[in-house]
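Report on the structure
In case you want the letters, here they are:
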Amino acid sequence: MAIAALFRRVAKTQKFIPLFIPPNHGKPFKHHPFYARSVTTPAEAVVGFDEMVSGSHRKYYMLGGKGGVGKTSCAAALAVKFANHGHPTIVVSTDPAHSLSDSFAQDLSGGTLVPVEGMESPLFALEVNPEKAKEEFRAASQKTGGTGVKDFMYGLGLGTLADQLGELKLEALLDTPPPGFDEAIAISQVMQFVESQAYSSFTRIVFDTAPTGHTLRLLSLPDFLDASIGKLMKLKEKLASATSAMRSLLGKQDAQQDNSHKLEQLRERMVKVRDLFRDSYRTEFIIVTIPTVMAAHESSRLLASLRKEGVPVQRLIVNQILPPAASNCKFCEMKRKDQNRALDIIQKDPELGSLSTIQSPLFDVEITGVPALKFMGELLWR
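This is a predicted model, so every value here is computed, not measured.

1. Let's talk about the environment of Ala-325
Within the secondary structure, Ala-325 is located in the loop between strand 9 (313-321) and helix 12 (330-348). For the pair Ala-325 and Arg-336, spaced eleven residues apart in sequence, the C-alpha separation works out to 8.6 Å.

In structure tokens form, the structure reads like this:
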């Protein structure tokens, strides 16, 4: 009760909004009121949530930016608001750090869809877990004499590529996975959302993406695989006639045509994912940043890279903005000046300045659990 009492004493002189912090991981919760001060002025631009929530067709929202800017809280708050507005919603974390469980105060680390507790409307969450996947594939490989990794690649639609590698020790990839391995896991999940009937009822899918470098690899991976598959198919065409003739002489079945068909299927799937990332009717990437000069510059570079990839971007969230001055705090005054300088850089930036800017406050309590995320969503997504 000491913290709650402190908030009540401070509330006598400042405007507070009641906020209930939910229980941790399902433990019984005693309804002790906490308070979070609304520490921002109205956003300069209308977020346009009515447009975001309109329509029954499926839409994908990807939130990303520099590490530590609050992407997860913003993504979780958006997912909660979508669900509360009647959209069956999935929120997915592709960030290896995985703070989605902390945001919802619920264990979501199993790598499968989990219903979010405390919601009145359908909301499911998933943390893509590459480390767990690698352990499962390694165990399967040991049981099957080294075929676990090949089975994994088949599961991603990369089985033909695995066949091309012949006698190489594929399980070694799990000890030192190549760059893009985590993104390949995430791409396979996106494929499931696009193709599987099990997800057909969900109309909003929100992605809490990894920090900038990982996210750009994720978005560029379909193009890379498409080009690689194209080169492989051209090579196979040159070898096709010789291989078929040899198999005929040996009386063996010609599997060349079937393998080519599998490659073409994989290429078509990559094209689907690539087109999804670039479809402004179905997909939007929302950049999240904080009011510092370094974060502003990185966000500008991210936006330039996203536009180069053809990914639609309309909105920028500037998170953790300090409240107006309420005391003679010298530290707060200096921090506010730094933030104003960063905001000025954002507004004058030829890339970032073209986006609809959403200002999100710095809260004086942690935003964790559904009630807190709902509170944040009402301030942020209007």
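Moving on, there is more to tell.
2. Brief notes about the confidence of the model for the protein chain
The predicted model of the protein chain averages 75 in pLDDT, with 62% of residues at 70 or higher. Across residues 1-46, confidence stays below pLDDT 50; counting only partners more than four residues off in sequence or on other chains, it has 84 contacts. Between residues 164-171, whose pLDDT stays under 50, and residues either more than four places distant or in other chains, the model counts ten contacts.

3. Regarding the packing of helix 11 (residues 293-309) against helix 12
Direction vectors running N to C along helix 11 and helix 12 enclose 15°, while the axes themselves pass 9 Å from each other. It follows from the interaxial angle that helix 11 and helix 12 lie roughly parallel. Crossing hand, helix 11 versus helix 12: right-handed. For the pair formed by helix 11 and helix 12, the contact residues are Val-293, Ala-296 and His-297 on the first element and Arg-341, Ala-342, Ile-345 and Ile-346 on the second. Among the residues making up the contact of helix 11 with helix 12, the classes are represented as five nonpolar, one polar and one charged.

4. A word on the pattern of salt bridges
A full pass over the atoms with the stated rule returns eleven salt bridges. Between Glu-51 and Arg-315 there is a salt bridge, and its shortest N-O distance comes to 2.9 Å. Pair noted here: Glu-51 is in helix 2 (residues 49-53) and Arg-315 is in strand 9, with a separation of 264 residues, a long-range link. Of the residues examined, Glu-51 reaches a relative accessible area of 39% and is grouped as partly exposed.

Thresholds, definitions, all that
Residues numbered from 1 in each chain as written. Predicted model: local features only at pLDDT ≥ 70, side-chain atom pairs only at ≥ 80, totals over all residues. Heavy atoms only, no water. Helix = DSSP H or I, 4+ residues; strand = E, 2+ residues; numbered from the N terminus. pLDDT = per-residue confidence, 0-100. Contact = heavy atoms within 4.5 Å. Axes fitted to C-alpha atoms, helices over the stretch in contact; angles between N-to-C directions. Parallel < 35°, antiparallel > 145°, perpendicular 65-115°, else oblique. Left-handed = near helix turned anticlockwise from the far one by under 90°. Nonpolar A, V, L, I, M, F, W, Y, C, P; charged D, E, K, R; others polar. Salt bridge = Lys/Arg side-chain N within 4 Å of Asp/Glu carboxyl O. Buried < 20%, exposed > 50% of the residue type's maximum accessible area, 1.4 Å probe, protein only.

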